[in-house]
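Take a look at the letters that make up each chain.
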Amino acid sequence: MGAQKKGGGGARVSEDAEEQSHQRLQAILLADSFATKFRPVTLERPKVLLPIVNVPMIDYTLAWLEYAGIEEVFVFCCAHSIQIIEYLEKSEWYSHPNLVVRTIESHKSISAGDALRYMYEQQTETSQIQGDFVLVSGDTVSNMPLADLIQEHRERKKKDEKAIMTMVIKQSKSSSLTHQSRLGTDQLFIAVDPLTKQLLHYEEDKIDHPRGSVCLDKSLLESNPSVLVCNDMQDCYIDICSPEVLSLFEDNFDYQHLRRHFVKGVLVDDIMGYKIFTHEIHSSYAARIDNFRSYDTVSKDIIQRWTFPYVPDINFSGNRPLKLGRQGIYRACDVIQSRSADVGASSVIGYGTKIGDGDKILNSVIGNGCSIGSNVVIEGSYIWNNVTIEDGCEIRNAIVSDGVKIRAGAVLQPGVVLSFNVVVGRDFVVPAYSKVSLLQQPTTEDSDEELEYADSSSRTADHLSGLNLQMESKASELGPDGAGYIWEVCEGAHDEEWKHSVAPIPEDKLAEITQAIDDDDTDDESVVPTSGELKSDADSINTDMNDPNDDYYDFEKEVEGTVLRAVEENIKVDLVTLEINGLRLSYNMESADCAGATFYSMMKLAVDTPHNSASELYKNAASIITKWKELLGFYVKKIDEQIEVIMKFEEMCQESPKELGPLFTQILHLLYDKDVLQEDAILRWAEEKAGADEADKVYLKQCETFIQWLKEASEEEDEDDEDEEEDD
Amino acid sequence: MPDVQSMVAEFVNKLRKRKIEGSQATAKCTVELLRSVISHQRVPHANQAAALIDAVKAVGQQLVAANPVELAVGNVVRRVLHIIREEDLSLTTAAMAGLDLLDASDDDDIDNCKGIGYPAMSAAVVAAAARSTLRPPSLQTLLEGTPESATVPYTSSSGADSESKTADKSSLTRKLKHDVIEGVNQLIHEISGCHEQIAEQAIEHIHQNEVILTLGSSRTVLEFLCAAKEKKRSFRVFVAEGAPRYQGHLLAKELVARGLQTTVITDSAVFAMISRVNMVIIGAHAVMANGGVIGPVGVNMAALAAKKHAVPFVVLAGSHKLCPLYPHNPEVLLNELRSPSELLDFGEFSDCLDFGAGSGSLQVVNPTFDYVPPNLVSLFITDTGGHNPSYMYRLIADYYSADDLVM
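Residues numbered from 1 in each chain as written. Chains lettered and ligands numbered in written order. Predicted model: local features only at pLDDT ≥ 70, side-chain atom pairs only at ≥ 80, totals over all residues. Heavy atoms only, no water.

Under the annotation held in an unreviewed UniProt entry, chain B carries the name Translation initiation factor eIF2B subunit beta and is attributed to Camelina sativa. Word for word, the UniProt comment on chain B under Subcellular location (unreviewed entry) is "Cytoplasm, Cytosol". In its Sequence similarities (unreviewed entry) section, UniProt records this for chain B: "Belongs to the eIF-2B alpha/beta/delta subunits family." (UniProt positions renumbered as here; feature names shortened; annotations may be inferred.)

Going by an unreviewed UniProt entry, chain A carries the name Translation initiation factor eIF2B subunit epsilon and comes from Camelina sativa. We quote the UniProt Sequence similarities (unreviewed entry) comment for chain A here in full: "Belongs to the eIF-2B gamma/epsilon subunits family." UniProt's Subcellular location (unreviewed entry) comment on chain A is quoted here verbatim: "Cytoplasm, Cytosol".

When its secondary structure is counted, chain A shows 23 helices and 38 strands. Taking all 728 residues of chain A together, 52% fall into the buried category. Of the contacts formed within chain A by residues at least 6 apart in sequence, a portion of 61% connects residues at least 24 apart. (Helix = DSSP H or I, 4+ residues; strand = E, 2+ residues; numbered from the N terminus. Buried < 20%, exposed > 50% of the residue type's maximum accessible area, 1.4 Å probe, protein only. Contact = heavy atoms within 4.5 Å.)

Residue and element names in this part refer to chain A. Strand order in this open sheet of six strands is β19-β22-β25-β28-β31-β34, and the pairing throughout is parallel. Edge positions in the sheet fall to β19 (336-337) and β34 (423-424), since each of these pairs with one other strand and no more. As judged from the two bridges shared by β19 and strand β22 (residues 354-355), these two strands associate in the parallel manner. Paired with I336 across the two strands is K354, which belongs to β22. (Pairing = 2+ DSSP bridges.)

Below, the discussion takes up the interface of chain A and chain B. How big an interface is tends to be reported as the loss of accessible area on association of its parts. The interface of chain A with chain B comprises 39 residues on the first partner and 30 residues on the second. For the pair chain A and chain B, the summed buried surface comes to about 3,200 Å²; carbon and sulfur atoms form 54% of the total. Taken together, the connections running from chain A to chain B amount to three salt bridges. A salt bridge links B:D351 to A:K173, with the shortest nitrogen-to-oxygen separation between them at 4.0 Å. Summed over the shared surface of chain A and chain B, the number is ten residue pairs in polar contact (both at pLDDT 80 or more). Among the secondary structure elements, those contributing two or more residues to the side of chain A that touches chain B are α2 (57-67), β9 (163-171), α9 (292-303) and β17 (323-324) of chain A. Per-element accounting of the side of chain A that touches chain B gives the leading share, five residues, to α9(A). (Buried area = accessible area lost by both parts, 1.4 Å probe. Salt bridge = Lys/Arg side-chain N within 4 Å of Asp/Glu carboxyl O. Polar contact = N/O pair within 3.5 Å; in protein donor to acceptor, adjacent residues only side chain to side chain.)

Relative orientation and spacing of two packed helices are given, respectively, by the angle between their axes and the distance between those axes. Residues and elements named next belong to chain A. It is at 12 Å that the axes of helix α7 (residues 243-251) and helix α8 (residues 258-268) come closest, and there the two elements cross at 100°. By the angle between their directions, the pair α7 and α8 is classed as roughly perpendicular. In this structure, α7 contributes V245, L248 and F249 to the contact, and α8 contributes L258, F262 and V266. Here the contact of α7 with α8 is composed, by residue class, of six nonpolar, no polar and no charged. (Axes fitted to C-alpha atoms, helices over the stretch in contact; angles between N-to-C directions. Parallel < 35°, antiparallel > 145°, perpendicular 65-115°, else oblique. Nonpolar A, V, L, I, M, F, W, Y, C, P; charged D, E, K, R; others polar.)

For the rest of this paragraph, the subject is helix α5 (residues 147-159) of chain A. Owing to its 3.6 residues per turn, the α-helix brings residues three or four apart onto one side. Helix length check: α5(A) (13 residues) gives 19 Å between terminal C-alpha atoms against 18 Å at 1.5 Å per residue, within 8%. Looking at the buried positions of α5(A), the neighbouring elements they touch are β7 (133-137), β9, β14 (233-241), α7 and β15 (275-281) of chain A. (Expected span 1.5 Å × (residues − 1).)

All right, on to the sheet that holds strand β5 (residues 286-287) of chain B then. Paired through their backbone hydrogen bonds, the strands of a sheet run either parallel or antiparallel. Residue and element names in this part refer to chain B. In space, the three strands of this open sheet follow the order β5-β6-β8, with antiparallel pairing throughout. In this open sheet, the two strands that pair with only one neighbour each are β5 and β8 (369-372). Relative to strand β6 (residues 293-296), β5 runs antiparallel, the two being bridged by two bridges. Residue pairing for β6: A286 is matched across the bridge by I294.

All names here are of chain A. Buried residues dominate β9, accounting for nine of its nine residues. Pairing of β9 with β15 involves seven bridges; the strand directions are parallel. Within the sheet, the bridge partner assigned to I169 lies in β15 and is E280. Pairing of β9 with β14, which is carried by six bridges, proceeds in the antiparallel orientation. Following the sheet pairing, I169 is matched in β14 by D235.

On to the pattern of salt bridges. Under the counting rule described, the total for this entry stands at 30 salt bridges over all chains. Between A:R259 and A:D235 there is a salt bridge whose closest N-O contact spans 2.4 Å. Of the two residues, A:R259 sits in helix α8 while A:D235 sits in strand β14, which places them 24 residues apart along the sequence. Under the relative-accessibility criterion, A:R259 is labelled buried at 0%. Its relative accessible area of 8% is what places A:D235 among the buried residues. Across the pair B:E342 and B:R338 runs a salt bridge whose closest N-O atoms are separated by 3.1 Å. Among the residues examined, B:E342 registers a relative accessible area of 27% and is labelled partly exposed. For B:R338, a relative accessible area of 12% corresponds to the buried category.

This next bit is on the environment of B:D403. All names here are of chain B. Position of D403 relative to the elements: it lies in the segment after α18 (392-399). Overall, D403 belongs to the exposed group, its relative accessible area being 51%. Among all residues touching D403, those that are not within four sequence positions of it are K57 and R85.

Moving on: the nonpolar core. Residues and elements named next belong to chain A. Counting 107 residues, the largest nonpolar core has L146 and I406 as its most contacted members. Top element by residues in this core is α2. It accounts for seven residues. Ignoring any residue separated from it by four or fewer positions in sequence, one finds L146 in contact with W64, L65, A68, I70, V134, I238 and I240. By size, the runner-up hydrophobic cluster in this structure holds 56 residues, among which are L632, M652, C703 and L710. (Core = buried A, V, L, I, M, F, W, Y, C linked by side-chain atoms within 4.5 Å.)

Before going further, it helps to spend a moment on α18(B). α18(B) sits mainly inside the fold: six of its eight residues count as buried. Taken together, the buried positions of α18(B) are B:M392, B:R394, B:L395, B:I396, B:D398 and B:Y399.

As a further point, take the environment of A:I372. Residues and elements named next belong to chain A. Topologically, I372 is positioned in strand β25 (residues 371-372). Exposure remark for I372: the relative accessible area of 5% places this residue in the buried category. Spatially, the C-alpha atoms of I372 and L135 are 41 Å apart, while their sequence positions differ by 237 residues. Excluding anything up to four places from it in sequence, I372 contacts K354, I355, G356, D359, I361, I366, I378 and I389.

Attention now goes to the confidence of the model for chain A. Residue and element names in this part refer to chain A. Residues at a pLDDT of 70 or more form 83% of chain A, whose mean pLDDT is 79. Across residues 524-547 the pLDDT falls below 50, and counting only partners more than four positions away or on other chains, this stretch makes 26 contacts in the model. Here residues 722-728 is modelled with pLDDT under 50, and outside its nearest four sequence neighbours on either side it reaches zero contacts, counting other chains as well. (pLDDT = per-residue confidence, 0-100.)

Residues and elements named next belong to chain A. Scanning all chains against the criterion turns up zero disulfides over all chains. Looking at the unpaired C241, the closest cysteine sulfur is the one in C236, lying at 14 Å. Residue classification places C241 among the buried positions, given a relative accessible area of 0%. (Disulfide = S-S within 2.5 Å.)

What follows is the structure, encoded as structure tokens:
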């Protein structure tokens, strides 16, 4: 069992006794994002321990939880759990007076859903979660107060048993061009009841979604007097949950993702009727570091002090505070900086770092113990600890992990991510958006799901030990004196790379999108380009549907099979009708379609039955039609449906003009005789066809005499009618 | 000891997270913490003062590092260190002088009473005595004529005479610690009483039908104005709101509740209104050794406006706000930049902060404090009376030992 609960020292046992007296504020911190977005860096170190502005992410989360009055945190570790536990043991969190930190390990969990299910199982054993709890992931940076929100949640829960979750949202406008939030996530559409703040709809829009439209369930508008639809909200991934949430995960074992599965599942589920509420924060900050873009954005927010008091010049978690100078430059007191070096605004420079002559550093974060040679340009980049950068390198919008060596004259183009201990060779140019690691790219990739970590940490260690041998034998991909593999971008994701990268979206890309939108506008001006546009339900069905022709084809096949079986096994007409009705419902077809399909299958049967001459074929058809006319009759009660049958027949004749073609009039007559078709239907068909092309009129001409006869007969009848009327 | 350590840790934590605000509250918490540190500190037989000083310094360094911007913490730590040094000096000199001045103690029954209850004697008196005997006397004590400066050394020696002859080390130790705690208690008393001390002088400064301008919110200013009101002075108060935290609004509310005629103006209207104002009164966050003032942001502007229109600019500061340091780069190093969310709504401006789309050029700076250079200040009113900015260094020399300036 990888499962193992680590309690603290003996001091904590005594605290357990107090727990009964008041409900402790508890939180579950998922120290694993269950995603692969930070690869290759996360292959060697868990994401929550990656430094953001020189402090590991988990410290921001823990410091905030402690500040917000949370008394007990369960840190759920999965990938690299040993590293996380070791880190926490060394840090001051394990001995914190106000916050009890407990770690829970499970290597089997591959999603947030699994983690919560595991928590639930553990809970029954040890009763850890006593009441409402806060669910966050270990990469959250926030300074919002929680106590009031938890109180609000509890009161709401008291009034309404079904209010099981409160979700924190924050206004954040997404780019109108890319439909992407500033955190690099897809634009979010939510519908909220403006009075109760109940969440009604949640949709993470994909960028290729047609023109920012959103489909709402009709019943939503019926059951709520007003609905507020927002597209400028950001989901902070901070949830106040009631214990029911855990049991819901246990009940629905297929829930994996907190939003995609759980929230959507709860919103769709009418039977349990659970409700999710939202809470919008205004003055405080909250964001989750989900991808490299948000890493960049959140870093800048921290430097701009939106996360106050979790800023580099305040010691909030045992970090050594930096000194804040003019122009928002944070600098450690022992930095050795050359006089000719130019450190620009909003930069951070860590302890023990040396900056050489003529360096230009702009908008960048440089960690502890780095040594930077002379005439180096670093712009918008994140250099972690103990990195060596030799003379004349150029680094733009890149992430450089611990222990990397960049030899003289090397260039990192925008969006590059260098994993731990990579060596970039002399004068080597690392191409834009490439990810470089000492580890080879895993070949077995779950491409469809973002699940990570079947590999335990031990496997990674093996990788590392065998690595040096490999590197020596193989010429490096990073120049002759370099070390590391450039990962190939998986197919499909290539276009997406710029969306989630640390580098800002390049100008040409933006221009491309603008161009595309302009083109779309000229193509079809009826569509209003504003996002958040509402579409009616009926429209949405049509757009959601696959091509209707495909459906009809499938339906026809099914009906054909049914009829064939019916003929072979001699099933009663009632039962066959029932079966076809069932198909009709499942394919959402009309009875005219049924009529067409049924007739088609009957004729097909006739044609497929072995025959030598046209007369024999006619006989076959006649016998089948006679036998199954009731079945056909069931669907051809209306004129339209009868016309559909004739059209279908015409179509078949056109497909096989040699076999069926000559028999058109005869069979039509037969159908008339057997009361399947009424004369009105045939006449209307004839009228419709009269205006068609000559080619289409072949069969009309063929049965001209028959129609003539029918017309005369009806005129006589009409006259009779008129006579009768006159008589009245 | 462990409980003291946990108390220190908790206080450090609070300071770090900026959970305690306001220099008076911070000063009070700090001095109370230091008192318990001293009382729990085991003192060796030899060199007790050094042990105490080391203990207090160790804690003090932690506290100062936790929030270097809150200067009151450092001030109080230095004050306590000063008290220890003074007590130590007075005890040693008393022990030595006790032998010489044994016969000189010809004092009356008051001394006998004190002699019995010697440990209960105010340490501050002893400290003042030590100050007057061992150092060049301060200008103030010289001016005041200091009748006690002559008598107290004798009292202490006479009090000590019965014991000092037989004084064994342990009693001396107990005495030092006790005296120090007594002195710290005095300091606590002084800090908590500074509002009243300052407010008592209000009547001398605020006259009938004057217009007073203040900025931001300060409890000292509130008490000061109310004291004048209680003495039947009628005057108007203009309150600049103190953006972005708008603490001026709170002050205005309280002033109105106490029945003062109050007008709220924006910070930007200060220059427009200053010509109608008779005096500007503000509360300081800290007073530096050169007489410069650190106050709520916007104060420098008000000071400049006052200078321009020759309006007296008066700063109220309790003695715990006197900082023995000289300001170096005060706009940055002695300042705290707070979250920009106090200025503007993140959601509304989030599109200007989209770094990915290349529009992340908006920067927001939200400093908490302003530095007013000494030449703009007309008068300081502390709990010991009114002083000129140029006199500050002298006051500071009274309160702090030069050894403690660098901790």
